[in-house]
Amino acid sequence: MSSVIRGTAAGATTPGREASATPAAPPLRRALTALRAHRWRTLLVTVALLIAVAYGPRLVLGPVVPVELVERHTLVQSVVASGRVESPHRVNVGVQMTGTVVRVPVTEGQVIAAGATVLELDASELRAALAQTESALAAAVARSRQVRDVQAPNASQAVQQARLAHEAAREERMRSDALLRGGAIGEAARDAAVRAEQTALAQLRVAEQQAASVAPSGSDATVATAGVAQAQAAVQLARARLSYASVRAVRTGTLITRDVEPGDVVQPGRTLLVLSPAGETHLIVQIDEKNLSLLRRGQTALASADAYPTQRFAAVVSEITPGVDALRGAVKVTLQVAAPPAYLMQDMTASVDIQIARRDSAILVPASALHDGDRAAPWVYRIDGGRARKRLVTLGLRSGGVSEVVAGLLPGDRVVAASATAVRDGDRVRGVLPVVTP
């Protein structure tokens, strides 16, 4: 009996309570089920809306791709190179003889006039040699004057005297012949007259030879004249050697290098001073040989020194070297600067932009939109009716990241950037122009 009481006390219910609890359970479950279903439907709708918002335009209108705009502008094609500033001829100054430097009256950066002394050597020995040769010249001149003014007249007088003596001897011999025939004298007297005539004739011949020797075309006169010429040459040589001791500027210019000081012993062959002559200023640049066909004399250019990159000045192509540097694969090009700026200095590094062609009102397409731009048949994706359409283009000049379009595009066309590699011909796309920041 105690077990029954414990069973009732443990939670057994009466029949009446069981009847009231049983019908309330099914509605609650249905309500919970309906709530769960509503939540799932809401979630699915939300997800669907999110998917539609995120991917709907892409599925319907195509992906967003960067595009470039075809525009009409002036195009200047140019070749860019770097080089150095150079005067037409740089003058390296040295000496022509070994000597000791006694004076260097110029400094680097100084403007030197043509003919001004830039270096002097010790010339004491050279001046003594000049004095010696001048004395020898004076002696040679005196010898030549003596032959002309003294010996030649004396020789002429001697010839006259010898001729008179010969005539007298001949007349005496003729009288002797007549006396011998008349028997007035003997053979011995007549032979003496003959010998006297022969002696007088010999003396006449000697006098004539001496006169001929001292005549203007004679040997003694020629020797004397040659002696004068030789002495004059020696004087000129001594003066020339003396002039070597004083080095002068051959052209007006600016001294850019001085590598000598007083007291130095210098020799020929060594550059002591470097002079940059005044005159036309040139720019010497090395340009890749692949651009050789584009270069012409007279093409204009804009240049700037690397030390003053914002200050540009005009230049003109004046010379194109026909040879190619095999080591660098470059061509030497000289540009003339008609009005060089004041800051331009010898050997400055300069950048040059040579204008090789110009097109006014050219149709331009950015190179970033070209496919196969370096081949025979370049093409682009032009946006037409919301779709990317492949279109062949004919190109002209190219410069500065743009290319001239000769055929295939019109100003205002939009072309897909080549970076959009996923785009195919006929795909729907939404083009977005790049944002240009001020």
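Because the structure is a prediction, the values reported are computed rather than measured.

Draft legend 1. Broad picture of the overall build of the chain. Scanning the chain from terminus to terminus reveals 6 helices and 21 strands. For the chain, the residues scored as buried account for 31% of the 438 residues in total. Within the structure as shown, the chain displays about 26800 Å² of accessible surface, and the carbon and sulfur contribution to it stands at 56%.

Draft legend 2. Molecular detail of the pattern of salt bridges. Considering all chains together, one arrives at 17 salt bridges under this definition. Here glutamate 197 and arginine 173 are joined by a salt bridge, their closest N and O atoms 2.6 Å apart. You can see glutamate 197 sitting in helix H5 (residues 187-214) and its partner arginine 173 sitting in helix H4 (residues 124-182), a full 24 residues away along the chain. A residue is classified by how much of its surface remains accessible, and glutamate 197, at 13% relative accessible area, is buried. With a shortest N-O distance of 3.7 Å, arginine 359 and glutamate 404 are connected by a salt bridge. Linking arginine 359 in strand S15 (residues 349-366) with glutamate 404 in strand S19 (residues 402-407), this pair joins segments that are 45 residues apart in sequence. A relative accessible area of 36% places arginine 359 in the partly exposed class. For glutamate 404, a relative accessible area of 12% corresponds to the buried category. Beyond isolated ion pairs, a larger network of salt bridges with shared partners links Arg173, Asp177, Arg190 and Glu197.

Draft legend 3. Representation of the sheet that holds strand S6 (residues 117-121) in the model. Spatial strand order, S7-S6-S4-S9: 4 strands in an open sheet with antiparallel pairing. Whereas interior strands pair on both sides, the edge strands pair on one side only; in this sheet they are strand S7 (246-248) and strand S9 (265-266). Inspection of the sheet shows strand S4 (residues 99-103) paired to S6 by 2 bridges, in the antiparallel sense. From the neighbouring strand, valine 101 faces S6, where its bridge partner is leucine 121.

Draft legend 4. A look at the packing of aromatic side chains. If you walk through the whole model with that rule in mind, you get 2 aromatic pairs. Pairing tryptophan 379 with tyrosine 381 gives two aromatic rings, centres 5.0 Å apart and planes at 80°, and the pair type is edge-to-face. When sorted by exposure, tryptophan 379 lands in the same class as tyrosine 381, which is buried. Directly above the ring of tryptophan 379 sits lysine 390, whose terminal nitrogen or CZ lies 4.4 Å from the centroid.

Draft legend 5. Main features of the nonpolar core. Counting 25 residues, the largest nonpolar core has Leu283, Ile287, Val333, Leu335, Val352 and Ile354 as its most contacted members. Contributions of two or more residues to this core are made by strand S2 (71-86), strand S11 (281-288), strand S12 (300-305), strand S13 (312-325), strand S14 (330-337) and S15. Setting aside its immediate chain neighbours within four residues, valine 333 contacts Leu283, Ile284, Val285, Ile287, Leu295, Val317, Glu319 and Ile320. Formed by 22 residues, the second largest nonpolar core is a distinct cluster that contains Ala123, Leu126, Leu255 and Leu272.

Draft legend 6. Main features of the layout of surface pockets. Each pocket or cavity is described by its volume, and for the largest pocket that value is around 370 Å³. Around the largest pocket sit 21 residues that line it, and Ser87, Thr254, Ser276, Leu344 and Gln346 are the ones nearest its centre. Breaking the lining of the largest pocket down by element, the ones donating at least two residues are S2, strand S8 (253-258) and strand S10 (273-277). Per-element tally for the lining of the largest pocket: the top contributor is S8, with 4 residues. Counted by class, the lining of the largest pocket contains 10 nonpolar, 9 polar and 2 charged residues.

Draft legend 7. Up close: the pairing of S6. Counting buried residues along S6, 4 of its 5 residues qualify, which places the element largely inside the surrounding structure. Of the strand pairs in this sheet, S6 and S7 are connected by 3 bridges, and their pairing is antiparallel. By the bridge assignment, glutamate 120 is partnered in S7 with serine 246.

Draft legend 8. Representation of the environment of alanine 138 within the structure. Here alanine 138 lies in helix H4. Separated by 94 residues in sequence, alanine 138 and glutamine 232 place their C-alpha atoms 9.3 Å apart.

Draft legend 9. Representation of unusual backbone geometry in the model. One non-glycine residue, serine 361, adopts positive backbone phi at about 55°. Here serine 361 is to be found in strand S15. Residue serine 361 is classed as partly exposed on the basis of its relative accessible area, which comes to 48%. One non-glycine residue, aspartate 372, lies in the positive phi region at around 55°.

Rules behind the numbers
Residues numbered from 1 in each chain as written. Predicted model: local features only at pLDDT ≥ 70, side-chain atom pairs only at ≥ 80, totals over all residues. Heavy atoms only, no water. Helix = DSSP H or I, 4+ residues; strand = E, 2+ residues; numbered from the N terminus. Buried < 20%, exposed > 50% of the residue type's maximum accessible area, 1.4 Å probe, protein only. Areas by Shrake-Rupley, 256 points an atom, 1.4 Å probe, with all protein chains shown as cover. Salt bridge = Lys/Arg side-chain N within 4 Å of Asp/Glu carboxyl O. Pairing = 2+ DSSP bridges. Phe/Tyr/Trp six-rings, centres within 6.5 Å; stacked < 30°, edge-to-face > 60°. Lys NZ or Arg CZ within 6 Å of the ring centre and 35° of its normal. Core = buried A, V, L, I, M, F, W, Y, C linked by side-chain atoms within 4.5 Å. Contact = heavy atoms within 4.5 Å. 1 Å grid on protein atoms, 1.4 Å probe; cavity = no way out; pocket = protein on both sides within 12 Å on 5 of 7 lines; lining within 4 Å. Points joined across faces, edges and corners; volume = space filled by probe spheres on them. Nonpolar A, V, L, I, M, F, W, Y, C, P; charged D, E, K, R; others polar.

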